[in-house]
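Chain residues, written in single-letter form:
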Amino acid sequence: MTSKQRSYLKSLANNLDPVFQVGKSSLTPEFTAAVSEAFNTRELLKIAVLKNCMDDPKEIAEMLAGRTRSQVVQVIGRKIILYKENKENKKIILPQ
């Protein structure tokens, strides 16, 4: 992903509300499955990491991206933005 594409996705994510919240149980298989399923209807997800979660948000983002085969767009504070291209139902067209 180029910096131009990443910047475009960040601007789109500005208006999004977090779809999921990572709590004190951190990344469970059920949470990962729910995020993976959400990528069927969306290409861009914002996830909030709650204060009671002791894990580092950057590590959570990398692990979640690996498990869901998505890309980390940005981790800022306790917010994670993930992108996964949907081949069948493409909603976001990235700049070249």
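Our structure is the block above this text.
Note that the coordinates shown come from a computational prediction; the quantities given were computed from them, not determined experimentally.

Undergrad: Sorry, what's going on with the pairing of strand β3 (residues 71-76) here?
TA: Bridge count between β3 and strand β4 (residues 79-83): 5 bridges; the pairing is antiparallel. Across the sheet, residue glutamine 74 finds its bridge partner in β4, namely isoleucine 81. Following β3, the chain reverses through 2 residues before pairing antiparallel with β4; glycine 77 in that reversal takes a positive phi of roughly 65 degrees.

Undergrad: Please explain the sheet that holds strand β2 (residues 44-49) as it appears in this structure.
TA: Strands belonging to one sheet form pairs held by backbone hydrogen bonds; the direction of such a pair is parallel or antiparallel. Pairing is mixed in the open sheet, where 4 strands are placed in the order β1-β2-β4-β3. Pairing within the sheet leaves two strands with one partner each, and these edge strands are β1 (20-22) and β3. Pairwise comparison of adjacent strand axes, ignoring direction, gives a mean angle of 25 degrees for this sheet. Of the strands in this sheet, β2, β3 and β4 are in contact with helix α1 (residues 3-13), which crosses β3 at around 60 degrees.

Undergrad: In this structure, what is going on with the environment of alanine 61? I would like to understand it.
TA: Tracing the chain through its elements places alanine 61 in helix α3 (residues 57-68). When its relative accessible area of 0% is taken as the criterion, alanine 61 is described as buried. If sequence neighbours within four positions are ignored, alanine 61 has contacts with Val72, Val75, Ile80 and Leu82.

Undergrad: Honestly, helix α2 (residues 29-38) in this entry has me stumped. Any pointers?
TA: For the α-helix, the turn length of 3.6 residues means that residues three or four positions removed from each other point alike. Listed in full, the buried residues belonging to α2 are Phe31, Thr32, Val35 and Ala38. Take α2 and look down its axis: the buried residues cluster within an arc of 120 degrees, on one side only. Counted as exposed and oriented over 90 degrees from the buried face of α2: Pro29, Glu30 and Glu37.

Undergrad: What am I meant to see in the side chain of glutamate 43 here?
TA: Among the secondary structure elements, glutamate 43 is positioned in the loop between α2 and β2. A polar side-chain atom of glutamate 43 sits 3.0 Å from the main-chain amide nitrogen of asparagine 86.

Undergrad: What is the right way to look at the nonpolar core in this model?
TA: Burial of nonpolar side chains together is a common tendency in soluble globular proteins. In this structure, Phe31, Val35, Ile47 and Leu82 are the most contacted members of the largest nonpolar core, which totals 18 residues. For this core, the secondary-structure elements that each account for two or more residues are β1, α2, β2, α3 and β4. Looking at this core element by element, the count peaks at 4 residues for α3. Look past the residues within four positions of isoleucine 47 in its chain and what remains in contact with it is Pro18, Phe20, Val22, Phe31, Val35, Leu64, Arg78, Lys79, Ile80 and Leu82. Ala13, Ile81, Ile92 and Leu94 belong to the second largest nonpolar core, which has 8 residues in total.

Reading guide: rules and limits
Residues numbered from 1 in each chain as written. Predicted model: local features only at pLDDT ≥ 70, side-chain atom pairs only at ≥ 80, totals over all residues. Heavy atoms only, no water. Pairing = 2+ DSSP bridges. Helix = DSSP H or I, 4+ residues; strand = E, 2+ residues; numbered from the N terminus. Axes fitted to C-alpha atoms, helices over the stretch in contact; angles between N-to-C directions. Contact = heavy atoms within 4.5 Å. Buried < 20%, exposed > 50% of the residue type's maximum accessible area, 1.4 Å probe, protein only. Arc of directions from axis to C-beta. Polar contact = N/O pair within 3.5 Å; in protein donor to acceptor, adjacent residues only side chain to side chain. Core = buried A, V, L, I, M, F, W, Y, C linked by side-chain atoms within 4.5 Å.

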